[in-house]
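Each chain, letter by letter, is given below.
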Amino acid sequence: MKAIRFGIIGTGSIAQRFVSGLAHVPQAEAVAVFNRTTSKANLFAAANQIPQIYATLDELLASDIDAVYIATPHPSHAALSIAALKAGKAVLCEKPAAVTLAELDEVIATAQAAQRLYMEAMKPAFFPLYREIRERIAAGAIGEVKFIRAGFSNPTLPAGHAVLDPAQAGGGLLDIGIYAAFLAVDWLGATSEVQSLGRIGATGVDTFASWQSQHQHGISQLYCGLDVAGSGEALIAGTQGYVLLHDKWWNPARATLVTATGEREELARAPIGSGLNYETAHFCELLRSGQQESPILPHAKTRAALQMTLQSRQAVLGI
Ligand SMILES: NC(=O)c1ccc[n+]([C@@H]2O[C@H](COP(=O)([O-])OP(=O)(O)OC[C@H]3O[C@@H](n4cnc5c(N)ncnc54)[C@H](OP(=O)(O)O)[C@@H]3O)[C@@H](O)[C@H]2O)c1
């Protein structure tokens, strides 16, 4: 089996978790890195035994890597994805995939024109527990899913964090809300209507949003915030029972399945590695088998989740 050779763009906290996860992915390795601050790339490469450091993005993209993992702030995701795809590399890009729908559409069109694999790094979809729940629900464990409730709010971000910065497309919705949007879209399909309430904090980003949506197959009720403490649980409700994903549901490790007649079953699948290894392993399998889009996270799902998040963001920010 051919090893997939990754180049990493950005060397912050999530890039470190990605590299830690790679140790748990068969036949995949980080062989090169680029960061806008080369001194930090040097430290990152040394700490993680990455042999090649490039001073420019162009040099990284001209090298013999198979794929890039993009781990920079939100507004840079689309342009970096497009540059990598045009250079013939497969792209695994951190969430959110883009900060506007127009940007995402350009990324997807570029991936299609270049005939290269492109996937958003929407990690919960690939965790073992989430996959088990998918199988159980497909087998009829809770009937037909018609309602999703999910959210999280974390008021502990330090001043100056990118998520509090409007210039970095900050705010709870694009940071953590996008996970809840993914969950809703994953089970219920795209939205036809989104209703939102929220507030804007001192720095000008959305610091709380509560939004409910009508989807193709049901209704979702979601929240996210940066100014109150809220637990990260998720409810997947079906016609014959429900699954409660326990805190923090987007790193799914424990859940309770309850049938309409009250029978309870505790589900637990502790993830190994950093958890990012599951999405990476899936991405590598797609790349090896010549696929350009994930059947688990197709482009349309990434788009539908971004669309409902941006609709809510526009309503909350009044833009
Ligand atoms: N999947 C997950 O669980 C998860 C968790 C956290 C974050 N994320 C996502 O990952 C992304 C990065 O978050 P993080 O927490 O890793 O951030 P971080 O620790 O601040 O790291 C950001 C990295 O991007 C670089 N960078 C900053 N601005 C840039 C720009 N304009 N162009 C190119 N590179 C730039 C930084 O370079 P310098 O070293 O020069 O500052 C740094 O290497 C975010 O989009 C976030 O949504 C995902």
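Owing to the predicted nature of the structure, the values given are computational and were not obtained by experimental measurement.

### Here's the deal with the domain arrangement of the protein chain
Along its sequence, the protein chain is organised into domain 1 (4-123) and domain 2 (125-274 + 303-317). Spacing between the C-alpha centres of domain 1 and domain 2 amounts to 25 Å. Facing the 19 residues of domain 1 at the interface are 20 residues of domain 2. For the pair domain 1 and domain 2, the two sides together bury roughly 1900 Å², of which 65% comes from carbon and sulfur. Of all residues in domain 1, Leu101, Met122 and Lys123 bury the most surface against domain 2, accounting for 38% of the area lost on that side. Here Lys95 and Asp175 are joined by a salt bridge, their closest N and O atoms 3.3 Å apart. Across the contact surface, domain 1 and domain 2 share eight residue pairs in polar contact (both at pLDDT 80 or more). Within the residue set of the side of domain 1 that touches domain 2, elements represented by two or more residues are helix H1 (13-22), helix H5 (101-114) and strand E6 (118-121). Split into classes, the residues belonging to the side of domain 1 that touches domain 2 amount to nine nonpolar, five polar and five charged.

### A closer look at the pairing of strand E12 (residues 241-245)
Judged by which residues are buried, E12 turns out to be one-sided: Gly241, Val243 and Leu245 face inward and are buried, whereas Tyr242 and Leu244, on the alternate face, are not. Across five bridges, strand E11 (residues 234-238) lies against E12 in antiparallel orientation. Directly across from Gly238, in E12, lies its bridge partner Gly241. The turn linking E11 back onto E12 is made up of two residues. The sheet contact formed by E12 and strand E13 (residues 254-259) spans five bridges and is antiparallel. Across the sheet, Gly241 pairs through a bridge with Thr259, a residue of E13.

### Considerations on helix H2 (residues 38-47)
Turning to H2, its buried residues number three or more, namely Ala41, Phe44 and Ala45. Looking straight down H2, one finds that the buried residues subtend no more than 95° of arc, so they occupy a single side. Residues of H2 that are exposed and angled more than 90 degrees away from the buried face: Lys40, Leu43, Ala46 and Ala47. Looking at the buried side of H2, the elements it contacts are strand E1 (4-9), H1, strand E2 (28-34) and strand E3 (52-54).

Reading the values: rules and limits
Residues numbered from 1 in each chain as written. Predicted model: local features only at pLDDT ≥ 70, side-chain atom pairs only at ≥ 80, totals over all residues. Heavy atoms only, no water. Domains from an automatic or database assignment. Contact = heavy atoms within 4.5 Å. Buried area = accessible area lost by both parts, 1.4 Å probe. Salt bridge = Lys/Arg side-chain N within 4 Å of Asp/Glu carboxyl O. Polar contact = N/O pair within 3.5 Å; in protein donor to acceptor, adjacent residues only side chain to side chain. Helix = DSSP H or I, 4+ residues; strand = E, 2+ residues; numbered from the N terminus. Nonpolar A, V, L, I, M, F, W, Y, C, P; charged D, E, K, R; others polar. Buried < 20%, exposed > 50% of the residue type's maximum accessible area, 1.4 Å probe, protein only. Pairing = 2+ DSSP bridges. Arc of directions from axis to C-beta.

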